[in-house]
2 protein chains.
Amino acid sequence: MKNAHKNQTDRASEPGKAQNPVDGLGRLLDADMRAVNALILKRMDSDVPLIPQLATYLIAAGGKRIRPLLTLAATQIYNGDMPRAHGLASCVEFIHTATLLHDDVVDESLERRGQETANLVFGNQASVLVGDFLFARAFQLMTADGSLDVLRILSNASAVIAEGEVMQLSLANNIETSLEQYLEVITAKTAALFAAACEIGPIIAGAGPEAARAMAAYGLNMGIAFQIADDALDYMAAREKLGKTVGDDFREGKMTAPVIYALQDSDAEERIFWERCMARREQSEADLQTAQALFEKYDSITRAMTLARIYGDRAAEALAGAPAGALRDCLHNLIDYTINREY
Amino acid sequence: MKNAHKNQTDRASEPGKAQNPVDGLGRLLDADMRAVNALILKRMDSDVPLIPQLATYLIAAGGKRIRPLLTLAATQIYNGDMPRAHGLASCVEFIHTATLLHDDVVDESLERRGQETANLVFGNQASVLVGDFLFARAFQLMTADGSLDVLRILSNASAVIAEGEVMQLSLANNIETSLEQYLEVITAKTAALFAAACEIGPIIAGAGPEAARAMAAYGLNMGIAFQIADDALDYMAAREKLGKTVGDDFREGKMTAPVIYALQDSDAEERIFWERCMARREQSEADLQTAQALFEKYDSITRAMTLARIYGDRAAEALAGAPAGALRDCLHNLIDYTINREY
């Protein structure tokens, strides 16, 4: 186990390669992740060809598969049954994929994971319906697994995610959005599934309620940190080097941490600027730069990253009770990576 | 019990009131349906106001609540636990409502149940997300009920519905669609939930696998008959008197039974007409009348209704083994009503 950890450090020193504990976890759980990927492909099959076509398009495009990895790690760390974890990790990824498909329809997104979104290629209609299929398929598979605890955790998470998305929609373009409301939205739409993905590990392993609570708290707080960092990264110029666009949230008028911090101490003229750009979405080319200058003035990005770190610390605290070893080290490194990644 | 049945006949003779066994069932199960309606309102509540707003808009608009009624009747007829049936009947209605919300987004519908669609009033985004919420909420409630059999039946039905909707989307505007493909689509998108709504009754009642199979077959075949009749009704002028539009499916280029029958024996010129109207959707005002003249020529509507009756007979056959009484009589009358209704 020590070796796996060493490998990870070695790889981190490869030129141009940032230390990536997702890869580290992936190496520790390599055979398991391959089993999960095989299951995902097998279980999204259907006699209706458009379903595997669209699902493969999105799922094969990759993504970090961080949620199923968390389920695997949280099962393995408590010596749980890994074949069961494979099945339930694939359910977690199906629920995530279903929400991505619907998100992209709702946001009218054009790009995801460096390629055109499914809604752009296959149409909104197919994205809505294949999302529904993946969601239903996840519940079929959980039912076949037979744990009412797992069903409870993942059906609760699914309802909370939908509530978070609706709340985000209700608050979009509303410059009165408070930091508390923002945290409520991201806790629901992002952190709830991270928490659920982690919590089912100790459940599968029969590790008792304290372990389940600890892993849920780890996932929840890391999920919040992850989303705050994600929202800050959306404004960071370094993204462009990675082929990503800067300021997507700005153009959509999404009220995220940097904007909320900039608004807290804004003067009347700045408020008019935010009102025009975020609420009425009347934007010219130069506005994104103005926004970034205001972030500089009010230290918005730094404050957002500090907030992310507070939740990261809580995640680390929750993790401290888990059995020590390479897996826990990887899960710990994942917190920092989540906050400090560049994309 | 005899009285309830008599009441129904009395009411049927009210002037301008067609005999309606949905009302008949509703009277037999009046207290139960009120309990279900109260549960529906209670359980679609959320701290995010847009969710109950939108859900109430659609659910309060009415509809016949035929699916939860079927669950209640199929439980009661086998002397099952009615409070459990109330909860699961509300889950069935939530799944149905979620599919309606997503359907209307996919079809870009403007009107449902005599009022503007939710997507028109609240936007596509809210309709997609509140649909997701209702679907997740249904699974939360089923999990709380705790029957893995019920979860299996309703998660299977949900996946099959989504597959049917995707298949319908794949076949839309394709004049090569066969009657077999059409039947496959409607069995999945409509009949599967009728079947599931009925099947969970004997499951709740612990009435054994034969009763479950019989009620599932009743629901499935009635669901197929219902949809064939629905698709024929879409072209019937009598609708207009009821404030409904005629030819919605025609304008969308949906390949339903009447069109498929008209195409089977069509000559070259007629084929060009259908190709233009259904596949390319290039339509002028007079085209709907031409379509209806072709239905007349090829007896399309009559043939569709005959097909509906074949499935109706199968439903009646499946029902024959259920305990005799006023409930079974109502369920039997429901088959004819499903086929002969005027709206």
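The shown structure was predicted, so the numbers you read here are calculated from the model rather than taken from an experiment.

Trainee: Which residues make up the overall build of chain A, and what values go with them?
Mentor: Of regular secondary structure, chain A possesses 18 helices and two strands. Against the compact-globule benchmark of 20 Å for 343 residues, chain A has a radius of gyration of 20 Å, which places it among compact chains. Across its three principal directions, the C-alpha atoms of chain A cover 60 × 45 × 40 Å. In chain A, which comprises 343 residues, the proportion classed as buried is 52%. Put simply, of all contacts in chain A between residues at least 6 apart along the chain, 74% involve residues at least 24 apart.

Trainee: Explain the confidence of the model for chain A to me, using residue names and the numbers behind them.
Mentor: Residues and elements named next belong to chain A. The pLDDT averaged across chain A works out to 89; a share of 91% of its residues lies at or above 70. Mean pLDDT values over the elements of chain A span from 37, in helix H1 (residues 2-12), up to 98, in helix H10 (residues 179-205). Across residues 1-18, confidence stays below pLDDT 50; counting only partners more than four residues off in sequence or on other chains, it has 15 contacts. As scored by the predictor, the complex reaches a pTM of 0.91 and an ipTM of 0.90.

Trainee: Go over the interface of chain B and chain A, please, and point to the residues and values.
Mentor: Many structure descriptions define interface size as the accessible area lost when the parts assemble. Counting residues at the interface gives 35 residues for chain B, matched by 35 residues for chain A. Taken together, the elements giving at least two residues each to the side of chain B that touches chain A come down to helix H4 (50-60), helix H6 (82-107), helix H8 (124-145) and helix H9 (148-171) of chain B. Considering every element that reaches the side of chain B that touches chain A, the biggest residue donor is H9 of chain B, with 14 residues. Across the side of chain B that touches chain A, the residue classes break down as 20 nonpolar, ten polar and five charged.

Trainee: Just give me the short version of helix H18 (residues 326-340) of chain B, but keep the residues and values in it.
Mentor: Since the α-helix packs 3.6 residues into each turn, any two residues three or four apart lie on the same face. Between its terminal C-alpha atoms H18 of chain B stretches 21 Å, which fits the 21 Å expected from 15 residues at 1.5 Å a residue. Listed as buried for H18 of chain B are Leu 327, Asp 329, Cys 330, Leu 331, Leu 334, Ile 335, Tyr 337 and Thr 338 of chain B.

Trainee: Please give an account of the relation of the copies chain B and chain A that cites residues and values.
Mentor: With an RMSD of 0.0 Å, the operation that places chain B on chain A is a rotation of 180° combined with a shift of 0.0 Å along the axis. Here the transformation between the copies is reduced to the relation of a two-fold axis. Same-surface contact between copies: 100% of interface residues of chain B are shared with the interface of chain A.

Trainee: Could you give me a rundown of unusual backbone geometry, with the residues and numbers involved?
Mentor: Of note in this structure, Asp 299 of chain A is not a glycine but carries a positive phi near 60°. Following the sequence through the fold, Asp 299 of chain A ends up in the loop between helix H16 (287-298) and helix H17 (300-319). At Asn 79 of chain B, a residue that is not glycine, the phi angle is positive and equals roughly 55°. By secondary structure assignment, the location of Asn 79 of chain B is in the loop between helix H5 (66-76) and H6.

Trainee: A description of helix H3 (residues 30-43) of chain A should follow, citing residues and the corresponding values.
Mentor: Residue and element names in this part refer to chain A. Between its first and last C-alpha atoms H3 spans 20 Å; for 14 residues at 1.5 Å apiece the expected length is 20 Å, and the two agree. Residues of H3 that are buried include every one of Asp 32, Val 36 and Ile 40, and no others. Around the axis of H3, the buried residues are gathered within 80° of arc, so they sit on the same side. What points out from H3, more than 90 degrees from its buried face, is the exposed set Asp 30, Ala 31, Arg 34, Ala 38 and Lys 42. Contacts from the buried residues of H3 go to helix H4 (50-60), helix H5 (66-76) and helix H6 (82-107).

Trainee: Tell me about the environment of Arg 251 of chain B, and please be specific about residues and values.
Mentor: The residue Arg 251 of chain B is located in helix H13 (residues 248-252) in this model. Sequence separation between Arg 251 of chain B and Cys 277 of chain B is 26 residues; the distance between their C-alpha atoms is 7.8 Å.

Trainee: Break down the packing of helix H14 (residues 257-264) of chain B against helix H17 (residues 300-319) of chain B for me, citing the residues and quoting the values.
Mentor: Helix-helix packing: each pair is described by the crossing angle between the helix axes and the interaxial distance. Residue and element names in this part refer to chain B. Relative to each other, H14 and H17 sit at 120°, their axes nearing to 8 Å. Considered as vectors, H14 and H17 are oriented oblique to each other. The crossing of H14 and H17 is right-handed. Of H17, the residues touching H14 (which contributes Ala 257, Pro 258, Tyr 261 and Ala 262) are Ser 300, Ile 301, Arg 303, Ala 304 and Leu 307.

Trainee: Describe the nonpolar core, with residues and values.
Mentor: Core analysis: the largest hydrophobic core is formed by 238 residues, its most contacted members being Ala 225 and Ile 228 of chain A together with Ile 228 of chain B. Excluding residues within four positions of it along the chain, Ala 225 of chain A makes contact with Ala 308, Tyr 311, Gly 312, Ala 315, Ile 335, Thr 338 and Ile 339 of chain A.

Trainee: Describe the packing of H14 of chain B against helix H16 (residues 287-298) of chain B, and please don't skip the residues or the numbers.
Mentor: All names here are of chain B. At their nearest, the axes of H14 and H16 sit 9 Å apart, and the two run at 65° to each other. Handedness of the H14/H16 crossing: left-handed. Touching Pro 258, Tyr 261 and Ala 262 of H14 are Leu 294, Phe 295 and Tyr 298, all from H16.

Trainee: Explain the environment of Gly 146 of chain B to me, and be specific about the residues and the numbers.
Mentor: Residues and elements named next belong to chain B. Assignment of secondary structure puts Gly 146 in the loop between H8 and H9. For Gly 146, a count of 12 C-beta atoms within 10 Å translates into the label exposed. Once the C-alpha coordinates of Gly 146 and Leu 171 are considered, the two residues, 25 residues apart in sequence, prove to be 38 Å apart.

Trainee: If you had to explain the environment of Ala 268 of chain B to someone new, which residues and values would you point to?
Mentor: Mapped onto the fold, Ala 268 of chain B is located in helix H15 (residues 268-279). The sequence separation of Ala 268 of chain B and Asp 287 of chain B amounts to 19 residues, and the corresponding C-alpha distance is 17 Å.

Basis of the calculations
Residues numbered from 1 in each chain as written. Chains lettered and ligands numbered in written order. Predicted model: local features only at pLDDT ≥ 70, side-chain atom pairs only at ≥ 80, totals over all residues. Helix = DSSP H or I, 4+ residues; strand = E, 2+ residues; numbered from the N terminus. Rg over C-alpha atoms; globule rule 2.2 N^0.38 Å. Buried ≥ 20, exposed ≤ 12 C-beta atoms within 10 Å, placed from the backbone. Contact = placed C-beta atoms within 7 Å. pLDDT = per-residue confidence, 0-100. Nonpolar A, V, L, I, M, F, W, Y, C, P; charged D, E, K, R; others polar. Expected span 1.5 Å × (residues − 1). Least-squares fit on C-alpha atoms with pLDDT ≥ 70 in both. Arc of directions from axis to C-beta. Axes fitted to C-alpha atoms, helices over the stretch in contact; angles between N-to-C directions. Parallel < 35°, antiparallel > 145°, perpendicular 65-115°, else oblique. Left-handed = near helix turned anticlockwise from the far one by under 90°. Core = buried A, V, L, I, M, F, W, Y, C linked by C-beta atoms within 7 Å.

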